Structures are given as structure tokens and as C-alpha cells.
Amino acid sequence: MEYNSVKLILLDFDGTLADTRMANALAYEATFTEAGYPLSAREYLDRYFGIRCNEFLTLYGITSPEERERLRLRKIELYPSFFDSVRLNEPLWSFCCQFRRQGGRVWIVSTGSRANIDNAMHHLGIGIADHTLPDGERAAREAAYPRGCVDGVLSGADATHSKPDPECFLEVMRREGCSPRETLIFEDSRVGLEAAERSGASYFKIDTSRF
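A brief structural summary. (Residues numbered from 1 in each chain as written. Predicted model: local features only at pLDDT ≥ 70, side-chain atom pairs only at ≥ 80, totals over all residues. Heavy atoms only, no water.)

With that out of the way, let us pick up the pattern of salt bridges. Counted by the stated rule, this structure contains 21 salt bridges. Close ionic contact of Arg72 with Glu69 constitutes a salt bridge, the shortest N to O distance being 2.8 Å. Taken as a pair, Arg72 and Glu69 lie in helix H4 (residues 65-78) at a separation of three residues, close to a single helical turn. Overall, the relative accessible area of 27% leaves Arg72 in the partly exposed class. Glu69 gets classed as partly exposed once you look at its relative accessible area, which sits at 35%. (Salt bridge = Lys/Arg side-chain N within 4 Å of Asp/Glu carboxyl O. Helix = DSSP H or I, 4+ residues; strand = E, 2+ residues; numbered from the N terminus. Buried < 20%, exposed > 50% of the residue type's maximum accessible area, 1.4 Å probe, protein only.)

Our focus in this paragraph is the packing of aromatic side chains. In this structure the tally under the stated criterion is 14 aromatic pairs. Centroid distance Phe32 to Phe56: 5.7 Å. Interplanar angle 20 degrees. Geometry classified as stacked. You can see Phe32 sitting in helix H1 (residues 21-35) and its partner Phe56 sitting in helix H3 (residues 53-60), a full 24 residues away along the chain. Grouping residues by exposure puts Phe32 and Phe56 together as buried. Aromatic rings pair up to connect Tyr28, Phe32, Tyr37, Tyr44, Tyr48, Phe49, Phe56 and Tyr60 into one cluster. Sitting above the plane of the Phe49 ring, Arg21 keeps its charged end 4.9 Å from the centroid. (Phe/Tyr/Trp six-rings, centres within 6.5 Å; stacked < 30°, edge-to-face > 60°. Lys NZ or Arg CZ within 6 Å of the ring centre and 35° of its normal.)

Further remarks concern the nonpolar core. Grouped together as the largest cluster of nonpolar side chains are 30 residues, with contacts concentrated most on Ile9, Leu11, Phe13, Trp93, Ile108, Met121 and Val150. Looking at this core, the elements with two or more residues in it are strand E1 (8-11), H1, helix H5 (90-101), strand E4 (105-109), helix H6 (114-124) and strand E8 (183-187). (Core = buried A, V, L, I, M, F, W, Y, C linked by side-chain atoms within 4.5 Å.)

Okay, the packing of H1 against H4 next. Here H1 crosses H4 at 125 degrees, and the two axes come no closer than 9 Å. Taken as axis vectors, H1 and H4 run oblique relative to one another. Remark: the crossing between H1 and H4 carries right-handed chirality. Between H1 and H4, the contacting residues are Asn24, Ala27, Tyr28, Ala30, Thr31, Glu34 and Ala35 on the first element and Arg70, Leu71, Arg74, Lys75 and Leu78 on the second. When its residues are assigned to classes, the contact of H1 with H4 shows six nonpolar, two polar and four charged. (Axes fitted to C-alpha atoms, helices over the stretch in contact; angles between N-to-C directions. Parallel < 35°, antiparallel > 145°, perpendicular 65-115°, else oblique. Left-handed = near helix turned anticlockwise from the far one by under 90°. Contact = heavy atoms within 4.5 Å. Nonpolar A, V, L, I, M, F, W, Y, C, P; charged D, E, K, R; others polar.)

In C-alpha cells, the structure reads:
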């Protein structure tokens, strides 16, 4: 692949752009403790991290859709309480900011909850560019975010099939008018890397322990 042909970068969020493992685990532990279910942060990380919330709750054994939704919403409420443990992947984010300054586009593509992603991005000082605004207004809006912006976010609710299906990546390529040859994907999980490979784009594996 010739990297000077890349026009679009797609980033997984949890474990790729940001290390949110402990924040997610502690939020689920607190949620489950409130509800009277046994689940430690360690068990969540070892068995369930990276799985969509509804799928995780079903695997855990919570059969009631109403109970799963109640727990999902409570976890979203508690999640920001643990943001002190969230770390940004500084080298990757710096690369993406430089890529945008040179005219490229950067999206977050995650199977996670949009509310969770938005809350974590706000904590990190990262916004979403509004390309419907005139250039000057858009630049002023982006300047309000100390860490810069991405061009869009596609979350779990926006895709019918979760990773390892490549639907989420292909959908953003469609929206941006880019081919797989013009796209570079960064992922950390096994299912995410499989989805990246199946999309036809080039991809890099991120090791969370290194940032």
C-alpha cells in the first residue's frame, strides 16, 4: 500500500485511541454491585471486555430486556466517575491530527455506546467537526476543543452487525466516498482486526499496554 494515497483513517475507540479498559470495568462493577449481581472488574476484563453491552449482559445471563436496558443506562451514568483512569494514545492521536491538517479525514468507528464514547471524548478534550458549517465557523468550533476533532463517529447503534463483520468500516468508507485502498484502520481487538481485514483496507494493530 502507498500511504500517500490514504484519505481516510478509521479508529476504534476503546483500547485503540484511548485506554478505557479500567474505567469500563469499574463502571460495570459498580453497576452490578448496585443491582446485586456478582461481577468484579477483573472478571469483566478477562471475560467480557470488547463485547457489545447487550451481548455481554445476555452472555452474563440477564434474560430480561428491561433489566438489560436498566443496567446499560446506569452504567452510562456511572462511567464518567472513573475517567481518571482513561488514557489517550498520544502518538496515534498526534499522527491523526497531523493527517487532518494535511487534508485527511479521521473517524472513530466503534461497537460501543455512543453516549459512552461522547462522554469519554469530552473528558479527553476531543470534539466532532461540523462540516455543514462554513470553513471559518467550523475552524472556530474546532478551536474550542483543546485536543482537536475527528470528522465523525460511528457507534454500535449505527451498524446492524457488530465486528468481526466489516459493515461499520465499509459504511464510513461509503459516507466519505473512499475505497478500501484509500483507507487505513487502527484496531486492538481480535474481532476488530478481523473486521478490518475483511473490509479490504490496510490496518495496524495497537497494543494498549504500550501507551
